[in-house]
Amino acid sequence: MATHTPPIDTSAIEKPEFSASSITLGGMAHKIWGNYVARTLIQAVITIWLVITFIFFLVRLMPGNPVDVYIDYIINQENLSYEEAYSRAASQFQFDPDANVITQYVEYMGQLAQGDLGESITSTGTKVLDQIWRYLPWTLFSVGLGLLFSFVLGVLLGIIMAYYRNSPLDVVLSLFSSILSAVPNYIWGLAILIIFGVQLQWFAIGDFRGTYASDISVGFTPEFIFSVLKHAMLPVIVYITGALGTWTLTMRNSTISVLGEDYVNVARARGLSQARIVTAYVGRNAALPMFTLLAISIGFIIGGSVIIEELFVYKGLGSFLFRSIATRDYTSMQGVLLVIVISVVFSNLLADLLYSRLDPRVRLGEDD
Amino acid sequence: MTSTMEMMPEKPPRKDSDIPIIGTLVLTVTVFFKALRRNKVGMVGFIGLVFFALMSLLGPGLVPFDDDVKLDQIGAPPGSQVKILVQSANVDRFRTLDDLQGQTVGLIDRSGGESLVEEYFAGFPEDNPPFEVETTRFSSGRGIPEAIEGLANGEVDALIIWSDNITDYITSNRDLAQGDQFSDLVVSGSLGKRYLLGTDTQGRDIFSHIVNGGSSLIFVALLAGFFSTAVAVLLGSMAALVGGIPDRLLVSAANFVLTIPQFPVLVVLALLIGSQLNNPFLLAGLIAALSWPVLMRAVRAQVLSLREREFVEAAQALGLGMPHIILREILPNMMSFVAINFIFAVTSAMYQQIGLIFLGMAPINDYTWGVMLFFGRTRGTLFSPDSMSMVLSPVIAIALFQVCMVLFARSLEEMFDPRLRSS
């Protein structure tokens with residue numbers, strides 16, 4: 001862990017504050033800054049490999065493989081004998097359920113190393129990577145939009161609430177945020193569908209299914225963009241309602257604790273302008289933990305979209321993952337999970353980077 | 001053990017050891033309620049939780065689960081109740097079921113057939129029913145006009161109707177061909193059992209499902225919250241206090257679990273385990289196994305920062321031992337933090353558990369709020385205004401429970417964190 005490299009020039013970097021431990025740790029970190037990036041990348045790759053291996057074996061342990069599921073299906077549908085059904089299934093699938101798991105694993109890792117995620121098991125001839133490229137943008141678009149709106153709005157509301165704390169505004173917004181954060185997002189989704197879609201009939205639920213209207217050709221046309229926005233509207237609203245409360249309250253509490261710090265009082269005593277205190281002293285310090293949380297939640301984009309996309313029949317990666325799990329499409333499932341793991345690992349890296357950028361007291365290379 | 005018991009009577013009671021424990025407890029509870037009284041939002045959450053606890057414990061005894069499939073009472077709107085329909089001349093004669101003794105009563109099957117009066121019939125000997133029953137088939141939508149014709153012709157003396165949908169149909173005189181007959185009809189008082197929240201796709205009482213459908217969800221969520229909090233506190237404080245290689249290993253383990261896509265892997269695991277997931281401990285353990293790392297890292301950070309605090313430094317300077325520092329200085333300062341995070345862990349377990357059930361990935365052994373959502377979606381009631389009570393009721397129940405939990409936790413947070421405390 002403690003790799004020693006020749007000292008590098010640290011004068012360009014701001015001096016860490018007070019705490020004795022942070023000076024020594026920070027100093028050490030400067031020394032190993034040179035290979036910090038390399039080290040972190042290796043760590044990230046190892047983590048991804050470990051998790052993917054874990055998932056590989058987890059997935060294979062699942063009862064019922066895709067061939068069995070398909071054999072059951074055609075036996076029931078066409079009254080075939082098991083042998084007939086088996087040979088039919090074997091000819092349709094590239095997948096041999098009896099193959100040694102270790103052999104499968106080695107093969108899979110070999111493919112992965114070449115950037116090949118393999119073919120879908122249940123729909124032969126479809127590349128998993130193509131499927132992911134097909135579905136991923138929709139999920140990134142809808143969840144990303146929801147995350148962005150809720151984060152920006154939450155940070156702003158949080159600061160305002162902290163400044164006017166215990167005012168009627170703060171009390172009402174706090175209550176509102178608590179309620180928003182308490183109720184699961186799919187419950188919001190169901191409530192919106194039932195109340196506005198079914199009861200008040202403000203919109204026809206059927207019109208909002210899918211990612212865009214099927215009779216519109218894909219292209220950079222106003223109709224297409226409008227259709228895409230319209231179809232993403234419900235999921236995005238649900239992502240915002242599901243996350244806004246948490247952002248707001250976290251920012252509020254973070255700001256309140258920063259407002260109590262001595263350096264804010266000192267800044268006030270020094271007669272600095274309110275604007276400067278809000279931006280440079282309070283906002284900056286209060287937003288620090290928020291960016292870590294934001295980066296971490298980027299990693300949960302796909303995982304968190306499973307239920308919502310199923311509910312709204314929004315054809316993104318979340319619903320693709322769910323369908324792969326339901327049909328036991330091992331390769332597709334692993335492909336999506338790999339994408340999720342990579343995004344989680346790299347968003348955590350991003351969080352660390354951001355944090356060290358924003359907070360001079362924290363130096364990269366320091367544990368945690 | 002026995003020797004100390006024998007010793008006890010000889011020793012004078014040690015006031016400074018056992019009484020203060022009870023005293024502190026009483027004091028804590030009093031302080032807690034005093035603080036809660038000032039915190040209206042927290043009070044609301046607390047009362048709500050007490051309500052949910054009472055409902056889970058006493059509800060099943062008071063409102064038994066309705067598992068009686070009634071094909072003639074499907075999808076009733078909330079508040080539906082049995083009503084008697086008579087010609088206006090007979091309004092004063094027939095007010096209750098008892099008034100109908102010896103008369104012929106019309107029932108419309110599929111919207112309130114004989115099961116409507118079954119309970120009433122049960123009170124009489126079988127060979128002496130209180131009234132004759134004439135059933136009209138509701139099929140192909142002619143049931144109501146036919147039954148009303150029978151009432152107009154005097155074939156039946158009164159009509160027992162059940163669903164508010166039919167009442168609306170009759171009172172709004174929509175069938176113009178029978179306008180005269182309709183205008184002469186009066187719907188008399190409501191009687192019999194009221195379906196507060198209507199009935200589901202099998203004609204079962206939704207209210208009874210709401211009352212009974214929470215306890216197992218709440219139980220699993222509490223268990224999962226307890227497991228994950230316990231693991232997090234144990235590993236987190238261990239990592240912070242021991243330091244060195246164990247710390248690094250524990251943090252790596254937490255980071256590893258944190259990298260696993262929680263909900264998708266939970267879905268995969270749920271499929272893997274299958275019907276054994278009926279075991280609430282297993283389901284709770286599964287949820288906890290994937291959700292401890294966040295809190296563990298927070299506990300570790302908390303303990304690390306507490307270790308640097310002045311009072312801990314003072315204790316260290318005074319030469320008080322490590323056990324004293326952990327038990328007397330660090331843990332008491334973390335209890336509120338742990339309690340609050342326990343509540344949040346419970347709400348998150350609730351989220352994941354119901355999510356699993358909603359997707360149809362958890363075995364359905366209890367008819368819980370989550371199962372109601374699942375059936376509501378798969379049986380299409382979600383998209384019909386008449387039967388949406390089946391989905392809306394559990395939606396509200398789940399939302400209320402989660403809101404009460406979070407409001408209570410937030411007010412605890414305010415009570416215990418002096419910085420957040422209201423002036």
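Residues numbered from 1 in each chain as written. Chains lettered and ligands numbered in written order. Predicted model: local features only at pLDDT ≥ 70, side-chain atom pairs only at ≥ 80, totals over all residues.

Looking only at helices and strands, chain A features 14 helices and zero strands. Sequence-ordered secondary structure for chain A, helices as α and strands as β, is α-α-α-α-α-α-α-α-α-α-α-α-α-α. Taking all 368 residues of chain A together, the buried fraction comes to 36%. Here the contacts in chain A between residues at least 6 apart in sequence split such that 75% fall between residues at least 24 apart. (Helix = DSSP H or I, 4+ residues; strand = E, 2+ residues; numbered from the N terminus. Buried ≥ 20, exposed ≤ 12 C-beta atoms within 10 Å, placed from the backbone. Contact = placed C-beta atoms within 7 Å.)

When helices and strands are tallied, chain B shows 16 helices and five strands. Look at the contacts in chain B between residues 6 or more apart in sequence, and 77% of them connect residues 24 or more apart.

Before going further, it helps to spend a moment on the nonpolar core. Counting residues in each nonpolar core, the largest one holds 146 residues, and the members touching the most others are Leu190 and Val336 of chain A together with Leu266, Ile287, Val391 and Met405 of chain B. No other element matches the 16 residues that helix α16 (residues 389-416) of chain B contributes to this core. The residues touching Leu266 of chain B, leaving out its near neighbours within four places in the chain, are Leu286, Ile287, Leu290, Gln352 and Leu356 of chain B. Counting 13 residues, the second largest nonpolar core, distinct from the first, contains Val86, Phe94, Val105 and Ile148 of chain B. (Core = buried A, V, L, I, M, F, W, Y, C linked by C-beta atoms within 7 Å.)

Taken together, the contact between chain A and chain B spans 43 residues of the former and 40 residues of the latter. Of all the secondary structure elements, the ones that give two or more residues to the side of chain A that touches chain B are α2 (36-60), α7 (168-182), α8 (185-199), α9 (222-259), α12 (301-312), α13 (317-326) and α14 (330-358) of chain A. The greatest single-element share of the side of chain A that touches chain B, amounting to eight residues, is contributed by α8 of chain A. Per-class residue counts for the side of chain A that touches chain B are 31 nonpolar, 10 polar and two charged. (Nonpolar A, V, L, I, M, F, W, Y, C, P; charged D, E, K, R; others polar.)

Our focus in this paragraph is the confidence of the model for chain B. Confidence in the prediction of chain B, expressed as mean pLDDT, is 75, and 68% of residues score 70 or more. Taking the mean pLDDT of every element in chain B, the minimum, 43, falls on helix α1 (residues 2-7) of chain B and the maximum, 89, on helix α9 (residues 215-242) of chain B. (pLDDT = per-residue confidence, 0-100.)

Moving on to the packing of α8 of chain A against α12 of chain A. Residues and elements named next belong to chain A. For the pair α8 and α12, interaxial distance at closest approach is 9 Å and the crossing angle is 15°. Relative to α12, α8 is oriented roughly parallel. The handedness of the crossing between α8 and α12 comes out as right-handed. Contacts between α8 and α12 pair Asn185, Tyr186, Gly189 and Leu190 from the former with Ile307, Ile308, Leu311 and Phe312 from the latter. Taken together, the residues that form the contact of α8 with α12 break down as six nonpolar, two polar and no charged. (Axes fitted to C-alpha atoms, helices over the stretch in contact; angles between N-to-C directions. Parallel < 35°, antiparallel > 145°, perpendicular 65-115°, else oblique. Left-handed = near helix turned anticlockwise from the far one by under 90°.)

So, about unusual backbone geometry. Residue and element names in this part refer to chain A. Positioned with a positive phi, Asn166 is a non-glycine residue whose angle comes to about 70°. The topology assignment puts Asn166 in the loop between α6 (128-163) and α7. A count of 12 C-beta atoms within 10 Å places Asn166 in the exposed class. For Val313, which is not glycine, the phi dihedral falls at a positive 50°. By the secondary structure assignment, Val313 is in the loop between α12 and α13.

Our focus in this paragraph is the packing of α9 of chain B against helix α10 (residues 244-259) of chain B. Residues and elements named next belong to chain B. Closest axis-to-axis distance for the α9/α10 pair is 7 Å, and the angle between their directions is 145°. Between α9 and α10 the crossing geometry is left-handed. Facing Leu235, Met238, Ala239 and Val242 of α9, the residues of α10 in contact are Gly244, Pro246, Asp247, Leu250 and Val251. Its residues assigned to classes, the contact of α9 with α10 shows seven nonpolar, one polar and one charged.

All names here are of chain A. Summarising the element assignment, Thr241 is placed in helix α9. Considering only alpha carbons, one finds Thr241 and Trp188, 53 residues apart in sequence, at a separation of 7.4 Å. In this structure Thr241 touches Leu180, Asn185 and Trp188, once residues within four positions along its chain are discounted.

What follows concerns helix α11 (residues 274-299) of chain A. Residue and element names in this part refer to chain A. With 26 residues, α11 extends 36 Å between its outermost C-alpha atoms, agreeing within 8% with the 38 Å of an ideal straight helix rising 1.5 Å per residue. If you look at α11, its biggest bend is around 45°, right at Gly283. Every buried residue of α11 is listed here: Val282, Ala286, Leu294, Ala295 and Gly299. Packed against the buried residues of α11 are α6, α9, α10 (262-269) and α14. (Expected span 1.5 Å × (residues − 1). Bend = angle between axes of the 7 residues up to and from the residue.)

All names here are of chain A. Tracing the sequence through the fold places Leu80 in the loop between α3 (66-78) and α4 (82-92). Between the C-alpha atom of Leu80 and that of Val341, which follows or precedes it by 261 residues, the distance is 41 Å. When neighbours within four sequence positions are excluded, Leu80 is seen to be in contact with Ile74, Ile75 and Ala85.

So, about the confidence of the model for chain A. Residues and elements named next belong to chain A. When the pLDDT values of chain A are averaged, the result is 77; 81% of them are 70 or greater. Summarising per-element confidence for chain A, the mean pLDDT is lowest in helix α1 (residues 20-31) (53) and highest in α6 (90). Residue range residues 1-22 is modelled with pLDDT below 50. Its contacts to residues more than four positions away, or to other chains, number 22 contacts.

What follows covers α12 of chain A. All names here are of chain A. Helix length check: α12 (12 residues) gives 16 Å between terminal C-alpha atoms against 16 Å at 1.5 Å per residue, within 8%. Counting buried residues along α12, 12 of its 12 residues qualify, which places the element largely inside the surrounding structure. Downstream of α12 by a residue or two, Val313 has a phi angle that is positive, lying close to 50°.

Right, let's talk about the environment of Gly303 of chain A for a bit. Considering the arrangement of structural elements, one finds Gly303 of chain A in helix α12. Put simply, Gly303 of chain A and Val172 of chain A are 131 residues apart on the chain and 32 Å apart in space, counted from C-alpha to C-alpha. The residues touching Gly303 of chain A, leaving out its near neighbours within four places in the chain, are Ile340 of chain A together with Pro261, Gln262, Phe263 and Pro264 of chain B.

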